[in-house]
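Spelled out, the chains give:
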Amino acid sequence: MARIQKIKGFNDLFPEQSAKYALMEQRAREVFGRYGFGELRVPVLERTELFARSIGEDTDVVGKEMFSFPDRRGRSMTLRPEATAGVVRAFVDSGLHQPGRVSRYYTFGPMFRYERPQMGRQRQFHQINAETFGAAEPQADAETLLMLAAFLGSLGLDDLSFELNTLGCAECRPAYREALTGFFGSLDVNALCEDCRRRVKTNPLRVLDCKVPGCRDLVKDAPAVSSHVCAGCRRHFEAVLEMISAAGLKHSLNSRLVRGLDYYQRTTFEVCSGEIGAQSAVAGGGRYDGLVAALGGPDVPGIGFACGMDRLAMLLDPVLDPEPDFYLAVLDNRAEAQAALLAQRLRERGLGGELGYGAASLKSRLRQANKNRARTCLIIGLEEFEAGTVLVKDMTGHGQESVGRETLLDKLDRFFPSPSGPGR
RNA sequence: GUGGGUGUAGCUCAGUUGGUAGAGCACCUGGUUGUGGCCCAGGUGGUCGUGGGUUCAAGUCCCAUCACUCACCCCA
C-alpha cells in the first residue's frame, strides 16, 4: 500500500520533542500565574472576517498566508494565523468586561500560516500568548515585558535580545506617516527596492524594516519615530523603559522595529536569538489599544505578546524523562501471568517501569533494562517462579537479592530508595 | 510566490573516468548453566525518491516528476 505522506509544514512531535513543549507549558503556567494571568482556551477555527478585520486587510498574513476555506454552508472559515484576534473575540463575546477592571489571559496552541517552510517556520506552529485588557498604564507594558523575560529565564534562556520601539498612537501616527511618505518621495525612486516602492504607498513604516542593503542605507536618514510621537506617547514609552530598566531587564531601542500586524500602537517589542537561523524572533508583541473596540467590544486598551514555541524548542536542552524504577524480566513463559500481576501491583503503588513481554534470555533482558535506564531489574526465571520470589537486581551497582513478592511490595522503600515517584 | 541545495540501510553519510552497493551508529545473536554497561565476533536490513530516456551496461549521464531542505518575502 502506498503510504500517505504528511502535509507539508505539519510536523509530528515525538516524545523527545513534545517533552520540551510540556516543559514550556508548565513554566508558562507557573510564571504567568504569579502575574495574575489565567488560562483561556479558544478555538482553532474562526470566521475569516475576524482576522481580516483585526490583523489588517493588506497585511501579508491576511493577504496570502491564511488557511481559509468555505464550510458546508459556504461561509469562509480560517485556521487561526495568530491568537490575539481569537482571544479578543472571546473576551468580547463573554461580556465579562467590567469598566475599570483588568483582565489577564494566557493561551497556547497551534497556529497556521500558508508559507514556505524553512528553519524555524512551519505551516502549523505553536505559540504561547498572553494578553492584558483594560490597562492603559505603562505598568502593564512593563509587567508584560518582565513576565516574558521571567518566563524565558525559567527555561534557562538568558542570552536573548530584547528590542523595543514605539509606534505612536492614533493621534500622532498619521503625521509621522506623512513625514515618512514625504521623505521617501524626495528620494530617487529607483534607489529603493521594488518591494519598498510599493510599501511607500501601502505602509511606509514597513520600509524602515526592509533588509535590502540599499534601502537600509537610505532609511538611516529617515525621520525617526521617536521625534514624531506625541507628548503622551513619549511619556508612556519613557515610563515603560524606566520601569524595565529599574527591574534590570537588558534591552535596546530599535526605531526600525515595525510589526507586521496592523493593530499595534505605542509600545512594540521583539525578542531575538542569534542561534536559530534566519527566523530569529522567538517572541514579539506590543500594545493594541483600538483593537477590542474595532471588534465590537468596549473601548478598552490591550497589550500582549506571542512567543514561538517551536523556535524556543530549538534553544532548549533535551528534556530527560525520569529513570524508570524497574524493568521486569521474565525468563520462563509459565511466569508471565505472575509477572504481569507484579508489575501491576508496583504501578498501583506509584512505581514506573516496563514489563518485558514473553520469555527471552537473561542477557538480552538485562541489555534491555540497561537501555531503558531502569534503576532495578526484577527477574522472574524458573527458580523464582517455583519459589514465588523475585530477584531484585540493582542496575546502578552490582548488588542483587532474592525476595518474596509480598515482601517486595511491603518494603518498597528498601528496594526502591530514590524518591522520584509520586504517591509512594 | 521567487531562488539555491539535497534525495543511497532505521539514522548520519561514502560510492572513482558509467562495470552488478559500502562504512559508522542503531538493532538482533553469540563470546557465560541465569547476569547489563566496555570490548570482541557474527548477523538482519537497500524498489539507490519515482517515472522515462541514452548505453552492451546507469547509484553515476539526460529529461520529467515528487519529496525534503536552506534562503528571500514576511513573521513567532
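Calculation criteria
- Numbering of residues starts from 1 in each chain and follows the order in which that chain's sequence is written.
- Working convention: letters from A go to chains and numbers from 1 go to ligands, in the order in which they are written.
- Only residues with pLDDT of 70 or above have their local features reported here, since the model is predicted, and side-chain atom pairs are shown and tallied only from 80 upward, although totals for entire chains, interfaces and linings are computed over all residues.
- To obtain the side-chain values, all non-hydrogen atoms of the structure were included, while hydrogens and water were left out.
- When DSSP finds two or more bridges between two strands, those strands count as paired.
- Runs of E in the DSSP output that reach at least two residues are strands. Runs of H or I that reach at least four are helices, and both are numbered from the N terminus.
- Fitted lines through C-alpha atoms serve as axes, helices being fitted only where they are in contact, and the angles separating the N-to-C directions of these axes extend from 0 to 180 degrees.
- Contacts: residue pairs with any heavy atoms within 4.5 Å of one another.
- By this rule the span expected of a helix is its residue count minus one, scaled by 1.5 Å.
- We call a residue buried when its accessible area falls under 20% of the maximum for its residue type, exposed when it is over 50%, and partly exposed in between, using a 1.4 Å probe and counting protein chains only.
- Directions from the helix axis toward the C-beta atoms define the arc.
- Under the counting rule used here, the positive set is Lys and Arg, the negative set is Asp and Glu, and His together with the chain ends is not counted.
- Put simply, a salt bridge is a Lys or Arg side-chain nitrogen that is within 4 Å of an Asp or Glu carboxyl oxygen.
- Near, as used in this document, describes a residue that has one of its heavy atoms within 4 Å of the molecule or strand being considered.
- Polar contact criterion, stated in full: a pair of N or O atoms within 3.5 Å, where within protein one must be able to donate a hydrogen and the other to accept it, and residues adjacent in sequence count only if both atoms are side-chain atoms.
- The classification used treats Ala, Val, Leu, Ile, Met, Phe, Trp, Tyr, Cys and Pro as nonpolar, Asp, Glu, Lys and Arg as charged, and all other residues, Gly among them, as polar.
- Where each domain begins and ends is defined by an automated method or by a domain database.
- Classification of ring pairs rests on two measures: the distance between centres of Phe, Tyr or Trp rings, Trp counted by its six-membered ring, which must be within 6.5 Å, and the angle between planes, read as stacked under 30 degrees, edge-to-face over 60 and tilted in between.
- In our convention, an over-ring charge means Lys NZ or Arg CZ found within 6 Å of a ring centre and within 35 degrees of that ring's normal.

Ordered in space as β2-β4-β3, the three strands form an open sheet in which the pairing is antiparallel. Both outer strands of the open sheet, β2 (45–47) and β3 (67–70), are each paired with one neighbouring strand and no more. On average, each strand axis in the sheet is inclined to that of its neighbour by 35°, with strand direction left out of account. Relative to the sheet, helix α2 (residues 48–55) contacts β2, β3 and β4 (76–79), its axis offset from that of β2 by approximately 75°.

Bringing helix α12 (residues 336–348) into the picture now. End to end, α12 covers 18 Å across 13 residues, agreeing with the expected 18 Å (1.5 Å per residue, within 8%). The set of residues buried in α12 consists of A339, L342, A343 and L346. Burial along α12 is one-sided: seen end-on, the buried residues are contained in an arc of 100°. Structural note: α12 exposes A337 and E348 on the side pointing more than 90 degrees away from its buried face. On the buried face of α12, the contacting elements are β12 (326–330), β13 (353–355), β14 (376–380), β15 (389–394), α15 (405–410) and α16 (412–415). One or two steps after α12, the chain reaches G350, where phi turns positive at roughly 95°.

For helix α6 (residues 173–185), which comprises 13 residues, the first-to-last C-alpha distance of 18 Å matches the rise-based estimate of 18 Å (1.5 Å per residue) to within 8%. Every buried residue belonging to α6 is among R173, Y176, L180, F183 and F184, and all of these are buried. In a view along the axis of α6, the buried residues occupy a sector of 95°, so they form one face of it. Of the exposed residues in α6, those oriented more than 90 degrees away from the buried face are E178 and G185.

Looking now at the side chain of R173. Within the fold, R173 resides in helix α6. Summary of buried charges: R173 has no salt-bridge partner, and the nearest side chain of opposite charge, D262, is 6.8 Å away. Dropping the residues within four chain positions of it, R173 is found in contact with L167, G168, L205, D262, Y264 and Q265.

The environment of RNA strand B is made up of 45 residues, and the closest members are R113, R121, R199, R259 and G260. Backbone atoms, meaning sugar and phosphate, form 53% of the atoms of RNA strand B found within 4 Å of the protein. Within the contact set of RNA strand B, a sugar or linking oxygen lies 2.7 Å away from a side-chain nitrogen or oxygen of Q127. Between a base nitrogen of RNA strand B and a side-chain N or O atom of K363, the distance comes to 2.9 Å. Listing elements by their share of the surface near RNA strand B, those giving two or more residues are β6 (124–133), β10 (281–287), β11 (302–308), α13 (362–371), α14 (382–387) and β15. Ranked by the residues each element gives to the surface near RNA strand B, the list is headed by α13, at seven residues. Broken down by class, the residue content of the surface near RNA strand B amounts to 13 nonpolar, 14 polar and 18 charged.

According to the domain assignment, chain A consists of domain 1 (15–172 + 229–315) and domain 2 (326–415). Measuring from the centre of the C-alpha atoms in domain 1 to the corresponding centre in domain 2 gives 50 Å.

So, about the pairing of β4. On any regular strand, side chains alternate: one points to one face of the sheet, the next to the other face. As judged from the three bridges shared by β2 and β4, these two strands associate in the antiparallel manner. Bridge pairing links L45 to L79 in β4. Between β3 and β4, which pair antiparallel and follow one another directly, the connecting turn spans five residues, one of which, G74, has a positive phi of 85°.

It is worth spelling out the packing of aromatic side chains at this point. One pass over the structure, following the stated rule, counts 14 aromatic pairs. Aromatic pair F10 and F67: ring centres 5.7 Å apart, planes at 85°, arrangement edge-to-face. Of this pair, F10 sits in the segment before α1 (15–34) while F67 is found in strand β3, placing the two residues 57 residues apart along the sequence. F10 sits in the buried class, given a relative accessible area of 18%. On the basis of relative accessible area, F67 is assigned to the buried category, the value being 17%. A connected cluster of aromatic rings, assembled from ring pairs, spans F32, F37, Y106, F108, F151 and F305. The ring of Y114 carries R123 above its face, with NZ or CZ at 3.9 Å from the centroid.

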